[in-house]
Amino acid sequence: MKTLNNVNEQTDLLRFYRSMLRIRLFEEAVADVVEAGEIRTPCHFCIGQEAPPVGVCEALTTDDQIFGAHRSHGHYLAKGGDMQALMAEIFCRSTGCCGGRGGSMHVIDTSVGVMGTVPIVAATIPIAVGAALAAKLRGEDRVAVSFFGDGATEEGHFHESLNLAGVNNLPVLFVCENNLYSSHMGIHQRRREDNILKSAEAHGIVGESVDGNDVTAVFEASKRATARARAGAGPTLLECRTFRWRGHVGPAWDYDVGVKRKDELKDWIKRDPLLRCRQELVEQGVTEPALADLRQEVEEEVAAALEYARNSPEPMGSEVLRHVYSEAA
Ligand SMILES: Cc1ncc(C[n+]2csc(CCOP(=O)(O)OP(=O)(O)O)c2C)c(N)n1
């Protein structure tokens with residue numbers, strides 16, 4: 001495997017780019033195996049929205065904890081979750097990060113602070129608030145981050161969580177990845193206004209909206225929010241405006257499945273977060289061969305993860321009740 005020269009590797013932007021590329025190529029590989037019928041787990045892809053997971057997680061420490069939803073492969077990888085274990089989980093193999101019981105939508109790696117992702121919309125938002133409360137009560141310097149979509153902001157859990165976190169000044173960052181759709185309904189069909197930040201104002205917490213396809217902007221806003229949280233200044237609602245390229249679920253492009261988003265999608269593809277980051281790197285002097293080496297390195301990592309997953313055993317039927325209850329020593 002070729003490696004990049006150390007100087008380039010040290011730059012933040014190159015690290016961000018690599019992290020986004022890992023998510024993109026990982027998910028494209030998963031999309032291919034879904035299309036080939038090799039796996040049947042429902043997969044919700046974040047292709048096109050890689051900047052929020054990377055920009056936010058780059059502002060966190062390993063001890064900080066993240067909570068996600070159904071579209072969370074990117075969060076898991078950006079926070080340092082093991083790629084092979086994620087691929088094996090998506091293949092429902094026993095070597096997966098949840099022993100093959102969770103599939104694509106339930107991923108956990110507590111060793112790096114990926115505390116759990118759950119497909120019930122908005123379900124993990126209050127859990128992140130609980131984690132932040134625990135950190136505060138124990139005097140731990142730990143920030144909790146909740147990732148969710150714009151659809152989740154229409155659930156009661158979201159408002160109760162902002163209120164509780166605000167009242168108690170908790171170290172929590174609420175990250176709304178506003179991709180303008182909740183399943184097949186556009187935001188303007190669901191709300192009179194596209195006004196998610198007003199919820200921050202209503203609950204008396206800080207709110208900030210950023211271009212969710214600009215990884216540096218997401219990183220900088222997240223740095224500000226985590227600094228506030230660590231300083232005891234309470235929660236932030238960070239809205240990252242972005243767009244998913246593939247369907248709500250599955251790899252299809254979803255141009256016209258009850259929603260006509262072909263033109264909109266074309267515009268958003270022009271704002272590809274990876275392409276933008278890559279162009280900046282080239283402007284900064286990173287060479288094309290160095291970028292090609294980086295891509296090859298990531299392609300090899302993804303290929304190794306696929307091989308690992310394919311060669312891993314399925315969970316044993318006899319173990320179906322394991323992990324349902326905690327086991328006594
Ligand atoms: C409580 C609940 N209601 C409905 C669903 C069905 N559902 C799954 S994902 C989804 C859309 C979520 O949209 P959003 O929160 O914006 O996230 P995105 O898919 O855009 O990432 C819906 C309605 C669910 N899983 N849970």
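Here the residue index of a chain counts from 1 through its sequence in written order. Owing to the predicted nature of the model, reporting of local features is limited to residues with pLDDT of at least 70; listing and counting of side-chain atom pairs is limited to 80 or more, with chain, interface and lining totals taken over all residues. Only hydrogens and water are removed before side-chain values are computed, so all heavy atoms of the structure are retained for them.

**Quick notes on the overall build of the chain**
Thinking step 1. Secondary structure elements follow DSSP: runs of H or I no shorter than four residues count as helices, runs of E no shorter than two count as strands, and numbering proceeds from the N terminus. The secondary structure content of the chain amounts to 13 helices and eight strands.
Thinking step 2. As defined in this context, the radius of gyration uses C-alpha atoms, and a globule is described by 2.2 Å times the residue total to the power 0.38. Computed over its C-alpha atoms, the radius of gyration of the chain comes to 19 Å, within 12% of the 20 Å expected for a compact globule of 329 residues.
Thinking step 3. Seen along its three principal axes, the alpha-carbon backbone of the chain occupies a region of about 55 × 50 × 45 Å.
Thinking step 4. Expressed as a percentage of the 329 residues in the chain, the buried residues total 53%.
Thinking step 5. Only heavy atoms matter for contacts: two residues are in contact if any of them lie within 4.5 Å across the pair. Contacts spanning at least 24 positions in sequence make up 74% of the contacts within the chain whose residues lie at least 6 apart.
Thinking step 6. Counting only carbon and sulfur atoms, one obtains 52% of the accessible surface of the chain, whose full area is about 14700 Å². Burial classes follow relative accessibility: with a 1.4 Å probe on protein chains only, a residue under 20% of its type's maximum area counts as buried, one over 50% as exposed, and anything between as partly exposed. Only the protein chains shown count as covering a residue, and every accessible area follows the Shrake-Rupley method with a 1.4 Å probe.

**Overview of the side chain of Lys 79**
Thinking step 1. Mapped onto the fold, Lys 79 is located in the loop between helix 4 (73-78) and helix 5 (83-90).
Thinking step 2. No salt bridge is formed by the buried Lys 79; the nearest opposite charge belongs to Asp 64, separated by 6.2 Å.
Thinking step 3. Leave out the neighbours within four places in its chain, and Lys 79 touches Cys 57, Leu 60, Thr 61, Thr 62, Asp 64, Ile 66, Val 112, Gly 113 and Val 114. When charges are counted, Lys and Arg contribute as positive and Asp and Glu as negative, whereas His and the chain ends are disregarded. Just to be clear on terms, a salt bridge is a Lys or Arg side-chain nitrogen sitting within 4 Å of an Asp or Glu carboxyl oxygen.

**What about the packing of helix 5 against helix 13 (residues 288-311)?**
Thinking step 1. Axes, fitted as lines to C-alpha atoms, cover a helix only where it is in contact. Angles between the N-to-C directions of the axes lie from 0 to 180 degrees. Viewed as axis vectors pointing N to C, helix 5 and helix 13 meet at an angle of 45°, and their least axial separation amounts to 8 Å. What the angle tells us is that helix 5 and helix 13 run oblique. Note that helix 5 runs across helix 13; the crossing there is right-handed. Contact residues: Met 83, Gln 84, Met 87 and Ala 88 in helix 5; Glu 301, Val 302, Ala 304, Ala 305, Leu 306, Tyr 308 and Ala 309 in helix 13.
Thinking step 2. Polarity classes work like this: nonpolar for Ala, Val, Leu, Ile, Met, Phe, Trp, Tyr, Cys and Pro, charged for Asp, Glu, Lys and Arg, and polar for all others, with Gly in that last group. Split by residue class, the contact of helix 5 with helix 13 holds nine nonpolar, one polar and one charged. Relative orientations are named as follows: roughly parallel for angles under 35 degrees, roughly antiparallel for angles over 145 degrees, roughly perpendicular for angles from 65 to 115 degrees, and oblique for any other angle. By definition, turning the near helix anticlockwise from the far helix through less than a right angle yields a left-handed crossing, and turning it clockwise yields a right-handed one.

**Description of the pattern of salt bridges**
Opposite charge on two side chains permits them to pair, given that their charged atoms come into close proximity.
Thinking step 1. Taken as a whole and judged by the stated rule, the model has 24 salt bridges.
Thinking step 2. Overlapping salt bridges, with partners in common, bring together Asp 150, Glu 154, Arg 190 and Arg 191 in one network.

**Quick notes on the sheet that holds strand 7 (residues 206-211)**
Thinking step 1. Only strands joined by at least two bridges in the DSSP assignment are considered to pair. Taken in spatial order, the six strands of this open sheet run 2-1-3-4-8-7, and their pairing is parallel. In the strand order of this sheet, the two ends are held by strand 2 (114-117) and strand 7, each with one partner. Here the strands of the sheet are splayed against their neighbours by 15° on average, with no regard to which way each runs.
Thinking step 2. Note: strand 4 (residues 172-178) against strand 8 (residues 236-241), six bridges, orientation parallel. Bridge assignment links Cys 176 to a residue of strand 8, and that residue is Glu 239.
Thinking step 3. In this fold helix 6 (residues 125-138) packs onto strand 1 (65-68), strand 3 (144-149) and strand 4, with an angle of close to 170° to the strand it touches most, strand 3.
Thinking step 4. Across the face of the sheet, helix 7 (residues 156-167) comes into contact with strand 3, strand 4 and strand 8 while running at roughly 150° to strand 4.

**Let's talk about the site of the ligand**
Thinking step 1. Taken together, 15 residues sit near the ligand, with His 70, Arg 71, Gly 151, Asn 179 and Tyr 181 positioned nearest.
Thinking step 2. Between the ligand and His 70 there is a distance of 2.8 Å, counted from an oxygen atom to a side-chain nitrogen or oxygen.
Thinking step 3. At 2.7 Å from an oxygen atom of the ligand is found a main-chain nitrogen or oxygen belonging to Gly 151.
Thinking step 4. Computed on the free molecule, the ligand has an accessible area of 590 Å², of which 72% lies beneath the protein chains in the complex.
Thinking step 5. Class assignment for the residues of the shell around the ligand results in five nonpolar, seven polar and three charged. By convention in this text, a residue qualifies as near a molecule or strand provided that one of its non-hydrogen atoms is within 4 Å of it. In protein, a polar contact means a hydrogen-donor-capable atom and an acceptor-capable atom, both N or O and within 3.5 Å, with residues adjacent in sequence counting only if both atoms are side-chain atoms; elsewhere, any N or O pair within 3.5 Å suffices.

**Here's the deal with a nonpolar patch on the surface**
Thinking step 1. Here the term patch refers to residues with relative accessible area over 30% and no salt bridge, with like charges joined within 9 Å and nonpolar side chains (Val, Leu, Ile, Met, Phe, Trp, Tyr) within 5 Å. Taken together, the side chains of Val 320, Leu 321, Val 324 and Tyr 325 define a hydrophobic patch exposed on the protein surface, amounting to about 490 Å² of accessible area.
Thinking step 2. Residue position: Val 320 is located in the segment after helix 13.

**What to know about unusual backbone geometry**
Thinking step 1. With a phi close to 55°, Cys 92 is a non-glycine residue in the positive phi region.
Thinking step 2. Along the polypeptide, Cys 92 turns up in the loop between helix 5 and strand 2.
Thinking step 3. Unlike most non-glycine residues, Ser 183 shows phi in positive territory, near 55°.
Thinking step 4. Accessibility expressed as a relative area gives 29% for Ser 183, which makes it partly exposed.

**Let's talk about the pairing of strand 8**
Thinking step 1. Buried residues dominate strand 8, accounting for five of its six residues.
Thinking step 2. Examined bridge by bridge, strand 7 and strand 8 share six bridges and lie parallel to one another. Bridge pairing in strand 8 places Gly 207 opposite Leu 237.
Thinking step 3. Consider the strands pointing away from the viewer: the crossover is right-handed when the path from the first strand over the helix to the second runs clockwise. Handedness of the strand 7-helix 10 (residues 215-230)-strand 8 crossover: right-handed.

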